[in-house]
Amino acid sequence: MLMLAGIVVLHITTIILLLVATIDNAWWITDTVSTDLWGRWDLTSTAWHYTNLKNYPEEYLQTVQATSVLACVFAILALFVFVAQLFTLPKGQRFTFTGILQLIACLCIMIAASIYTAELHASDTEGGYGHSYVLAWISFVFTFLLAITYLVLRKKSE
């Protein structure tokens, strides 16, 4: 029972990290700019102003946006499927479908972070990756660990 609670807590934590990484505005930061997947915040005098992402290659940006959102969707769906499988899966069976959904979420966030790294800021010399970018990679590790756990985990026969 304690292991089950730990898995659910880790899964909910992973979903929260994925949502924060996708929504928050700190994928690339400098002293005067904070960029997320959806827009750019520029500091002019004492106020932050929102602008669109004009200088990014649109096909890469849309790929990063789509795969980040899909990672969130698949992680949330995997949690619901896991809870449903707890009540419907025959004893001794593995949580294979939940594990596959988690692997897809893992793949999606890896694709998003990899493309962001390789294509969107490869030539920038000023600034660095922000906490949302780091959370995306932490989420990747958590989703991968959860996927392996679900693929190995069997429903106990009592």
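Residues numbered from 1 in each chain as written. Predicted model: local features only at pLDDT ≥ 70, side-chain atom pairs only at ≥ 80, totals over all residues. Heavy atoms only, no water.

Caption draft 1: Focus on the overall build of the protein. Helix and strand counts for the protein stand at 4 helices and 5 strands. Of the regular secondary structure in the protein, the N- to C-terminal order runs α-β-β-β-β-α-α-β-α. Dimensions of the protein, computed from C-alpha atoms along their principal axes, come out at roughly 65 × 30 × 20 Å. Considering the protein as a whole, with its 158 residues, one finds that 39% of them fall into the buried category. Long-range contacts, defined as pairs at least 24 residues apart, comprise 69% of the intrachain contacts of the protein with a sequence gap of at least 6. With the model as given, the accessible surface of the protein reaches about 8700 Å², and the carbon-plus-sulfur share is 69%. (Helix = DSSP H or I, 4+ residues; strand = E, 2+ residues; numbered from the N terminus. Buried < 20%, exposed > 50% of the residue type's maximum accessible area, 1.4 Å probe, protein only. Contact = heavy atoms within 4.5 Å. Areas by Shrake-Rupley, 256 points an atom, 1.4 Å probe, with all protein chains shown as cover.)

Caption draft 2: A look at the environment of Thr46. Mapped onto the elements of the fold, Thr46 is located in the loop between β3 (40–44) and β4 (47–51). Distance in space between the C-alpha atoms of Thr46 and Val64 is 31 Å, their sequence separation being 18 residues.

Caption draft 3: Molecular detail of the side chain of Gln85. Counting through the fold element by element, Gln85 comes out in helix α2 (residues 58–88). The exposure class assigned to Gln85 is buried, which follows from its relative accessible area of 12%. Within polar-contact distance, the side chain of Gln85 engages the side chain of Thr98 at 2.6 Å. (Polar contact = N/O pair within 3.5 Å; in protein donor to acceptor, adjacent residues only side chain to side chain.)

Caption draft 4: Inspection of the packing of helix α1 (residues 2–23) against α2 at higher detail. Relative orientation of the contacting elements α1 and α2 amounts to 160°, with a least axis distance of 9 Å. Classified by the angle their axes make, α1 and α2 are roughly antiparallel. As for the relative orientation of α1 and α2, their crossing is left-handed in sense. The segment α1 lies against α2, with Leu4, Ile7, Val8, His11, Ile12, Ile15, Leu18, Leu19 and Thr22 engaging Ser68, Val69, Ala71, Cys72, Ala75, Ile76, Ala78, Leu79, Phe82 and Leu86. In the contact of α1 with α2, the residues fall into 16 nonpolar, 3 polar and no charged. (Axes fitted to C-alpha atoms, helices over the stretch in contact; angles between N-to-C directions. Parallel < 35°, antiparallel > 145°, perpendicular 65-115°, else oblique. Left-handed = near helix turned anticlockwise from the far one by under 90°. Nonpolar A, V, L, I, M, F, W, Y, C, P; charged D, E, K, R; others polar.)

Caption draft 5: Here's a closer look at a nonpolar patch on the surface. Taken together, the side chains of Leu103, Val141, Phe144, Leu145, Ile148 and Val152 define a hydrophobic patch exposed on the protein surface, amounting to about 490 Å² of accessible area. Looking at the nonpolar patch, the element that brings in the most residues is helix α4 (residues 131–152), giving 5 residues. Structurally, Val141 is set in helix α4. (Patch = residues over 30% accessible without salt bridge, like charges linked within 9 Å, V, L, I, M, F, W, Y side chains within 5 Å. Salt bridge = Lys/Arg side-chain N within 4 Å of Asp/Glu carboxyl O.)

By themselves these figures say nothing about function.
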